[in-house]
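Residue-level listing of the chains:
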Amino acid sequence: VMILSVQASQLYSCQIAADTDWAPSTWSLGSVATASAEQCCLVCRNTPNCIVAPFYANVCYLKALEDMINGTYYKKDVVTCHPRTYRNDDGVEKI
């Protein structure tokens, strides 16, 4: 798994893992069209309870903790975005 750090437009860092998805294949927080993995990471960071967001074919799948219980697995062409901070239900940023 290749991990890269990138800077998104709002000056926070995001960890990106290539060819990586999270199991189970659920996204309780919905999905949204984005143009890049960096934009996906920004959307996740600003979505309450989003921890990671797999990005595939210009769709960002927003996952909460319950959508990650079985860990990661190899999935070609999926890029998983993990913001270094996220917001809980109260809008409070967590690390």
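Residues numbered from 1 in each chain as written. Predicted model: local features only at pLDDT ≥ 70, side-chain atom pairs only at ≥ 80, totals over all residues. Heavy atoms only, no water.

Caption draft 1: Structural view of the overall build of the protein chain. Helix and strand counts for the protein chain stand at one helix and eight strands. The linear arrangement of helices and strands in the protein chain, starting from the amino end, is β-β-β-α-β-β-β-β-β. Residue burial in the protein chain is summarised as follows: out of 95 residues, 39% are buried. In the protein chain, once contacts between residues fewer than 6 apart in sequence are set aside, the share between residues at least 24 apart is 63%. Accessible area of the protein chain: about 5300 Å², with a carbon and sulfur share of 56%. (Helix = DSSP H or I, 4+ residues; strand = E, 2+ residues; numbered from the N terminus. Buried < 20%, exposed > 50% of the residue type's maximum accessible area, 1.4 Å probe, protein only. Contact = heavy atoms within 4.5 Å. Areas by Shrake-Rupley, 256 points an atom, 1.4 Å probe, with all protein chains shown as cover.)

Caption draft 2: Fine view of the pairing of strand β6 (residues 72-83). Judged from the eight bridges that link them, strand β2 (residues 13-22) and β6 form a sheet pairing that is antiparallel. Note on β6: the bridge partner recorded for Asp-21 is Tyr-73. In this structure, strand β4 (residues 53-56) lies alongside β6, joined through three bridges in antiparallel fashion. In the strand pairing of β6, Phe-55 is matched with Val-79. (Pairing = 2+ DSSP bridges.)

Caption draft 3: Structural detail: the state of the cysteines. Throughout the structure, instances matching the rule amount to three disulfides. Disulfide pairing places Cys-40 opposite Cys-60 at an S-S distance of 2.0 Å. Taking the sign of the S-S torsion, 75° for the link of Cys-40 and Cys-60, the bridge is right-handed. With a gap of 20 residues between them, Cys-40 in helix α1 (residues 37-45) and Cys-60 in strand β5 (residues 59-61) connect regions that are remote in the sequence. (Disulfide = S-S within 2.5 Å.)

Caption draft 4: Structural view of the pattern of salt bridges. Enumeration according to the criterion identifies two salt bridges in this entry. Among the salt bridges present, the one from Asp-21 reaches Lys-75, with a minimum N-O distance of 3.9 Å. With a gap of 54 residues between them, Asp-21 in strand β2 and Lys-75 in strand β6 connect regions that are remote in the sequence. Residue classification places Asp-21 among the buried residues on the basis of a relative accessible area of 9%. Assessed through its relative accessible area of 38%, Lys-75 is described here as partly exposed. Between Asp-77 and Lys-76 there is a salt bridge whose closest N-O contact spans 3.9 Å. Overall, the relative accessible area of 46% leaves Asp-77 in the partly exposed class. Residue Lys-76 is classed as exposed on the basis of its relative accessible area of 55%. (Salt bridge = Lys/Arg side-chain N within 4 Å of Asp/Glu carboxyl O.)

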